[in-house]
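Structural overview
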Amino acid sequence: MSLGILALGIAALGAGIGEGLIVNSILNAVSRQPELEGKLRSLMFVGIAFIEGTFFITLAMTFVLK
């Protein structure tokens, strides 16, 4: 059981770091080319959705393997 909790903690840490890196990159890109803000924002939401999806799959697998 403790391995599942450890895996969930690592997945949450990875998801948080990944989202932070995406937002950081988007802010840098928008500061360089403000006219692309709308397109970059939509791509950011898609990227964050994939990261969150991976985290929720890990969460579900933690309960399945419990």
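Residues numbered from 1 in each chain as written. Predicted model: local features only at pLDDT ≥ 70, side-chain atom pairs only at ≥ 80, totals over all residues. Heavy atoms only, no water.

**A short note on the overall build of the protein**
Rules: Note on conventions: DSSP H or I runs of at least 4 residues are helices, E runs of at least 2 residues are strands, and numbering of each starts at the N terminus. Using a 1.4 Å probe, the Shrake-Rupley method yields the accessible areas, and only the shown protein chains count as cover for residues.
Each helix and strand in the protein was counted, giving 2 helices and 0 strands. A principal-axis box enclosing the C-alpha atoms of the protein has dimensions of 50 × 15 × 5 Å. Carbon and sulfur atoms make up 73% of the accessible area of the protein, which amounts to about 4,900 Å² in all.

**Overview of the pattern of salt bridges**
Stated precisely, the cut-off is as follows: A pairing counts as a salt bridge when a side-chain nitrogen of Lys or Arg comes within 4 Å of a carboxyl oxygen of Asp or Glu.
Here the structure, examined in full by the defined rule, presents 1 salt bridge. Across the pair glutamate 37 and arginine 41 runs a salt bridge whose closest N-O atoms are separated by 2.6 Å. Of this pair, glutamate 37 and arginine 41 both sit in helix α2 (residues 37-64), separated by 4 residues, roughly a single helical turn.

**What to know about the UniProt feature "domain: V-ATPase proteolipid subunit C-like" (unreviewed entry) in the protein**
Threshold: UniProt positions are given in the numbering used here, feature names are shortened, and annotations may be inferred rather than shown by experiment.
The sites that UniProt annotates as "domain: V-ATPase proteolipid subunit C-like" (unreviewed entry) are residues 6-65. Note that residues 6-65 is 92% helix and 0% strand, and that its end C-alpha atoms are spaced 13 Å apart.

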